[in-house]
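Below, each chain spelled out in residue letters.
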Amino acid sequence: MATWSNFNYQNSTSPLMEQIIFFHDHTLIILIMITILVAYLMMNLFFNNYINRFLLDGQMIELIWTILPAITLIFIALPSLRLLYLLDELNNPLITLKSIGHQWYWSYEYSDFNNIEFDSYMTQSNKNLSNFRLLDVDNRIILPMNNQIRILVTATDVIHSWTIPSLGVKIDANPGRLNQTSFFINRPGIFFGQCSEICGANHSFMPIVVESISMKNFINWINNYSLDDWKQ
């Protein structure tokens, strides 16, 4: 999760988020090189005393400063396009999770397992250190790690956005529209996110919590949840 004074990305928990971080570092290095070069040239312009009254054009330098930016943009665009296609790829998902945005909470459906459904509200903050203020929920999403997960996202009222930075997932929830994406969790843990769309007064109180566990524990959770639901 995000911590104080953290200016970088959160630690990745999926291969796609790793690729996003690599692309960010790649682009940042190029921007730093451009900034240093431009700053050096501007400092030279301020402090040099060279004068040439007969200089009318410089075709070679104009050719250079036209071609170099184009090559630089190619070095940025090609990895970006590759990453965009990777983010849209659906590779044989094992489980489908449906997420529905409401004012101001999320509801989830595991349609593959006897229609398991529950609502997820933000928990009230208290002095108990086990609760994360404005981030924890009463019903977490339980998913198995090392498996491809597909999520279908929609909304019932206004536009929301289902976002978990450490998974590299950000997808809009639009009323009357069903959007989908997928992700792969490669380690166990608890991962926090929030609605990242300005969707109204209580927009900042729609946290998302994903708990990643092993497949064995996930099957046990499914069986226990179904049994408890049957008893009710």
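Residues numbered from 1 in each chain as written. Predicted model: local features only at pLDDT ≥ 70, side-chain atom pairs only at ≥ 80, totals over all residues. Heavy atoms only, no water.

Within an unreviewed UniProt entry, the label attached to the chain reads Cytochrome c oxidase subunit 2, and the organism entered is Heliconius sapho. Quoted verbatim from the Catalytic activity (unreviewed entry) field of UniProt, the annotation for the chain is "4 Fe(II)-[cytochrome c] + O2 + 8 H(+)(in) = 4 Fe(III)-[cytochrome c] + 2 H2O + 4 H(+)(out)". Checking UniProt for the chain, the heading Sequence similarities (unreviewed entry) contains the comment "Belongs to the cytochrome c oxidase subunit 2 family." (UniProt positions renumbered as here; feature names shortened; annotations may be inferred.)

**With respect to a nonpolar patch on the surface**
There is a patch of nonpolar side chains on the surface, built from Leu28, Leu31, Ile32, Ile34, Ile36, Val38, Met42, Met43, Phe46 and Phe47 and spanning about 1000 Å² of accessible area. With respect to the element layout, valine 38 can be found in helix H1 (residues 15-47). (Patch = residues over 30% accessible without salt bridge, like charges linked within 9 Å, V, L, I, M, F, W, Y side chains within 5 Å. Areas by Shrake-Rupley, 256 points an atom, 1.4 Å probe, with all protein chains shown as cover. Salt bridge = Lys/Arg side-chain N within 4 Å of Asp/Glu carboxyl O. Helix = DSSP H or I, 4+ residues; strand = E, 2+ residues; numbered from the N terminus.)

**Observations regarding the sheet that holds strand E5 (residues 148-155)**
One open sheet accounts for five strands, arranged E3-E2-E1-E5-E8; its pairing is mixed. Looking at the sheet topology across the chains shown, the edges are occupied by strand E3 (116-120) and strand E8 (179-184). Neighbour to neighbour, the strand axes of the sheet diverge by 25° on average, direction disregarded. Sheet analysis places strand E1 (residues 95-102) next to E5, joined by seven bridges and oriented parallel. Bridged to threonine 96 within E5 is arginine 150. (Pairing = 2+ DSSP bridges. Axes fitted to C-alpha atoms, helices over the stretch in contact; angles between N-to-C directions.)

**Concerning the pairing of strand E2 (residues 105-110)**
Within E2, five of the six residues are buried, leaving the element largely enclosed by the surrounding structure. Sheet topology places E1 next to E2; five bridges connect them, and they run antiparallel. Within the sheet, the bridge partner assigned to glycine 101 lies in E2 and is tryptophan 106. Hairpin connection, E1 to E2: the antiparallel pair is bridged by two residues. Relative to E3, E2 runs antiparallel, the two being bridged by five bridges. In the strand pairing of E3, glutamate 109 is matched with glutamate 117. In this structure, the hairpin formed by E2 and E3 is closed by a connection of five residues, where asparagine 114 is found at a positive phi of approximately 55°. (Buried < 20%, exposed > 50% of the residue type's maximum accessible area, 1.4 Å probe, protein only.)

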